[in-house]
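# Structural characterization, general
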Amino acid sequence: MFAVSKLVIEGGRKLQGELFVHGAKNSALPLLAATLLCNGESELHNCPGLSDVEASVRILRHLGCRVNRQEDVLCVDASSVDRCDIPDQLMREMRSSIVFLGAIAARIGHAKISFPGGCELGPRPIDLHLKALRQMGLHIHEHHGYLDCKADGKLKGAPVALSFPSVGATENILLAAVLAEGTTTITNAAREPEISDLVDFLNKCGARIVETGEGTIVISGVESLHGAVHTVIPDRIAATTYMTAASVTGGNLLLHSVEPAHLGQVVPMFEEAGCMVRCRENELLIQAPQRLRPIKIVRTMPYPGFPTDAQAPVMAMTTLASGTSVFVENIFESRYKHVGELLRLGANIKVEGRVAVVEGVDHLSGAEVEAPDLRGAAALVTAGLAAEGITQVNGLHHLDRGYERLEKSLTAVGAAIKRI
Ligand code: EPZ
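Quick caveat, the model's predicted, so the values are computed rather than measured. (Residues numbered from 1 in each chain as written. Predicted model: local features only at pLDDT ≥ 70, side-chain atom pairs only at ≥ 80, totals over all residues. Heavy atoms only, no water.)

The tally for this structure, following the rule as stated, stands at zero aromatic pairs. It is Lys112 that lies over the ring of Tyr146; its NZ or CZ is 4.2 Å from the centre. (Phe/Tyr/Trp six-rings, centres within 6.5 Å; stacked < 30°, edge-to-face > 60°. Lys NZ or Arg CZ within 6 Å of the ring centre and 35° of its normal.)

Helix α6 (residues 167-177) sits mainly inside the fold: nine of its eleven residues count as buried. Backbone nitrogen of Ala169 and a side-chain oxygen of the N-cap are separated by 2.9 Å at the start of α6; the cap is Ser166. (Buried < 20%, exposed > 50% of the residue type's maximum accessible area, 1.4 Å probe, protein only. Helix = DSSP H or I, 4+ residues; strand = E, 2+ residues; numbered from the N terminus. Polar contact = N/O pair within 3.5 Å; in protein donor to acceptor, adjacent residues only side chain to side chain.)

Partitioning the protein into domains gives domain 1 (7-22 + 234-419) and domain 2 (25-224). Between domain 1 and domain 2, the C-alpha centre-to-centre distance is 30 Å. On the domain 2 side, the residues contacting the 26 residues of domain 1 number 19 residues. Buried area between domain 1 and domain 2, summed over both chains or domains, comes out near 1,900 Å², and the portion from carbon and sulfur atoms is 53%. When the area that domain 1 buries against domain 2 is broken down by residue, the three leading residues are Tyr303, Phe332 and Arg401, summing to 31%. (Domains from an automatic or database assignment. Contact = heavy atoms within 4.5 Å. Buried area = accessible area lost by both parts, 1.4 Å probe.)

Here the focus is the site of the ligand. The environment of the ligand is made up of 25 residues, and the closest members are Asp127, Leu128, Ser166, Asp309 and Ile331. Contact distances for the ligand include 2.7 Å between a nitrogen atom and a side-chain N or O atom of Asp127. Residue Arg335 places a side-chain N or O atom 3.3 Å away from an oxygen atom belonging to the ligand. Calculation on the ligand without its partners gives an accessible area of 830 Å², and the protein chains cover 88% of this total. When residues of the shell around the ligand are traced back to their parent elements, those giving at least two are α1 (25-34), α5 (127-135), α6 and α12 (374-386). Class assignment for the residues of the shell around the ligand results in eleven nonpolar, six polar and eight charged. Residue contributions to the shell around the ligand reach at least three from each of two domains, namely domain 1 (7-22 + 234-419) and domain 2 (25-224). (Near = heavy atom within 4 Å. Areas by Shrake-Rupley, 256 points an atom, 1.4 Å probe, with all protein chains shown as cover. Nonpolar A, V, L, I, M, F, W, Y, C, P; charged D, E, K, R; others polar.)

What follows concerns the environment of Gln135. Of note, Gln135 is situated in helix α5. Overall, Gln135 belongs to the partly exposed group, its relative accessible area being 36%. Remark: the alpha-carbon pair of Gln135 and Gly305, spanning 170 residues in sequence, is separated by 29 Å. If near-sequence neighbours (up to four positions away) are discounted, Gln135 is found in contact with Ala158, Pro159 and Val160.

With four of its five residues buried, strand β15 (residues 252-256) lies for the most part within the structure. Bridging between strand β2 (residues 16-20) and β15 involves five bridges; their strand directions are parallel. Across the sheet, Gly17 pairs through a bridge with Leu253, a residue of β15. Here β15 pairs with strand β17 (residues 283-287) via five bridges, running antiparallel. Paired with Leu254 across the bridge in β17 is Leu285. (Pairing = 2+ DSSP bridges.)

To continue, consider the sheet that holds strand β10 (residues 159-161). Pairing in this open sheet of four strands is mixed, and the strands run β10-β11-β13-β12 from one edge to the other. The outermost strands of the open sheet, each flanked by one partner alone, are β10 and β12 (208-211). Averaged over neighbouring strand pairs, the angle between their axes works out to 15° when direction is ignored. Inspection of the sheet shows β10 paired to strand β11 (residues 183-187) by three bridges, in the parallel sense. Paired with Val160 across the bridge in β11 is Ile186. Contacts from helix α7 (residues 193-204) reach β12 and β13 (217-220), with the element oriented near 150° to β12. (Axes fitted to C-alpha atoms, helices over the stretch in contact; angles between N-to-C directions.)

The α-helix advances 3.6 residues per turn, and as a result positions three or four apart in sequence lie on the same side. Summarising burial for helix α10 (residues 311-318): eight of the eight residues are buried, a large majority. Within the sequence span of α10, burial applies to Gln311, Ala312, Pro313, Val314, Met315, Ala316, Met317 and Thr318.

Among the nonpolar cores identified, the biggest contains 82 residues, and Phe100, Leu202 and Leu225 are the most heavily contacted of them. The contacts of Phe100, once residues within four sequence positions are left out, are Ala33, Leu36, Ser56, Ile59, Leu60, Leu63 and Ile86. With 71 residues, the next largest nonpolar core counts Leu253, Ala347, Ala371 and Leu410 among its residues. (Core = buried A, V, L, I, M, F, W, Y, C linked by side-chain atoms within 4.5 Å.)

Moving on, we get to unusual backbone geometry. Geometrically, the link from Tyr303 to Pro304 is a cis peptide bond, its omega value of 10° lying close to zero. Relative to the helices and strands, Pro304 is located in the loop between β18 (297-299) and α10. For His144, which is not a glycine, the phi torsion comes out positive at approximately 50°. Relative to the elements of secondary structure, His144 occurs in the loop between β8 (138-143) and β9 (146-151). On the accessibility criterion, His144 (76% relative accessible area) is exposed. Unlike most non-glycine residues, Asn188 shows phi in positive territory, near 60°. Topologically, Asn188 is positioned in the loop between β11 and α7.

This brings us to the sheet that holds strand β7 (residues 110-114). The strands that make up a sheet pair up through hydrogen bonds in the backbone, lying either parallel or antiparallel. The four strands lie next to each other as β6-β7-β9-β8, forming an open sheet whose pairing is mixed. If you trace the sheet from one side to the other, it starts and ends with β6 (85-86) and β8, each paired once. Where β7 and β9 come together, five bridges link them in antiparallel fashion. Residue pairing across strands places Ala111 opposite Cys149, the latter belonging to β9. Relative to β7, helix α4 (residues 100-108) is tilted by about 155°, and along the sheet it contacts β6, β7, β8 and β9.

Okay, structure coming up:
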């Protein structure tokens, strides 16, 4: 990984052809944490080659797991986990490392991790995680930027009512509850597909988890878990990103390895923008119109609402629409850092708190831009594909966290894009 590499894009090329969508980053990460709970070897198929996945592998190896990768299969043997600390630099590499806390505490009974760094999306508190784990009997002592956690024996099942359907908190509670004594009931749990993927894997390993729908999950603790073989679900945000790339270039793409059921709130937005979208089993065909129409309003919401991770790429698409689109970012404090960079490309966007108003323009003009975060990077690539002339996107370490060889995939369907 070259932190100073950049993408050079010559815009204006219509994207046409077929693409495979890689496995979901936000499923692979909690699944890797879950392998820690297993007395034996697990095999995760369709594991994407992402820097966040590599960071998780480094944490697993640090804790004593044997991990090896063959192509898209990651094998994790957690038989001899013998450590319970995650050192600072490993925690800082990836904020979502917090999801290891529940798994380490459940497996070892003790955990020492540093406070996960903030992140470009504004403060990323973990109060919901800590409150729930304390309810399950984990004593958490915060000092000098470290969380020193200890359980008296096993964690205890408890009724946990989340004040917000936090994805990470739901995952942490699941990972802590599967080996706890007694039953844990989570109400107002996150309902993202990545949660169901984690539940499926854990049940394959011998856990007893029931999703009763409407955000309630009941976990009956068991003595131990064995390993299992599991295939990571497709990445719904990567799929959405490819859809925006086709849309802004007037192109058409056939995406393979897509789960249309996970795009329930996304597909209608592309149809409102004038795209033709056809889904069949695990494929999605998208054809762009000559000129994109605006999207009246995009409100990001917890699943099954419109995903916050798709806000930036979809906004990039609407900058070229024949009218005004409005975005309301309800999930993260400050998830509009890509707006300033889109303005450099000639977009017309005004931000007022959680609301962004996008006035479509006839064309964007290439420029040098700086990726502010992972999905902002994707938005700048999408905009660069449509901008006239050359666009240079810096800060690819953000992009590589969540997209596997994006420039190679886009080149394969006609984009003029290269990493230097
Ligand atoms: C997960 O983050 C995803 N990351 C995010 O994807 C995604 O945007 C987010 O869920 C929402 O879908 C992974 O799965 C690794 P949350 P997470 O806990 O778990 C607040 C990407 O681009 N909150 O649902 O951190 C929090 O500040 C990334 O792939 C608390 O206040 O999301 C935020 O405003 C970005 N206290 C909101 O809830 C807490 O204890 C949603 O957070 C926890 C969260």
